[in-house]
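# Secondary and tertiary structure notes
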Amino acid sequence: MASERDLRRKAYVEKTTVELTGLAKRGVVMGGNAFSPILFAKGELSEEEAAGSAEPFSGDDGIALRASLSALGYEPQDWETLLVCDASGEKPLESAVLREALCAMDPATLVCCDEASADAVREAYADDLAELADLDQALLAPGVVAHVCGMRMLNLGGFAAALGDVRQKQLMWARLKQLPPLGEPY
C-alpha cells in the first residue's frame, strides 16, 4: 500500500506532466530536468539553434552554464531551460504563457541569460517587479538579484556574447556566484 507521501508525490508528478505536456503542445520549448531548482531562460538563439540543427543550450553557453553550476555546488541534474520565444527565435511567448510555464516548472531561481529573456520576464512580471523598493531589482538590471513571486531572479545581461571575452566571462561568473544552492527547505 502506498503511503500518503507517495500518493502526494505521484499526484504532483502527474499534474506537472500534464502542465508541461500542454505547454509543449502550444510551442513552449523547455529542456533539462523537471523539478530542478534553477532555470535558465533564453530569447536570443544562435544560428544553429534557430535553424533547428542544435538544441537550445547545447552549445558553448550551455556547457559553460552547467560547469558554473557544478562549481557553485549544484548537482549535475539541477537545471532546466526555457526559451522565451518559439523554436525559431522569431516569435516571443505571450506574457501569460511565460508565467504559466514558469509556474509549472517552479524553479527556485530564474536566470535570464540575455536581454531578450530579461525583457520577456520584465513584461510578464511587470506588476510584481513594480512593487520592489530597489529600482535595480525592479528593472531586473544585469547582475542584480531580485526576489519575485518566490523566485530569485538574475539577469546575466548577455551570457553567450560574454564567452568570447575573458573580462566579460569573469563578470558573468561573479554574477552567477550570487546564486549558491539554497539547500533543502527543512
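Residues numbered from 1 in each chain as written. Predicted model: local features only at pLDDT ≥ 70, side-chain atom pairs only at ≥ 80, totals over all residues. Heavy atoms only, no water.

For Asp106, which is not glycine, the phi dihedral falls at a positive 50°. Tracing the backbone through its elements, the reader meets Asp106 in the loop between helix 4 (95-105) and strand 4 (109-112). Taking the relative accessible area as the measure of exposure, Asp106 reaches 46% and is therefore partly exposed. (Helix = DSSP H or I, 4+ residues; strand = E, 2+ residues; numbered from the N terminus. Buried < 20%, exposed > 50% of the residue type's maximum accessible area, 1.4 Å probe, protein only.)

Before going further, it helps to spend a moment on the packing of aromatic side chains. Evaluated as defined, the whole model comprises two aromatic pairs. Pairing Tyr12 with Phe35 gives two aromatic rings, centres 5.2 Å apart and planes at 40°, and the pair type is tilted. Remark: Phe35 occurs in the loop between strand 1 (30-32) and strand 2 (38-42) and Tyr12 occurs in helix 1 (residues 4-25); sequence separation between them is 23 residues. Residue Tyr12 is classed as partly exposed on the basis of its relative accessible area, which comes to 37%. (Phe/Tyr/Trp six-rings, centres within 6.5 Å; stacked < 30°, edge-to-face > 60°.)

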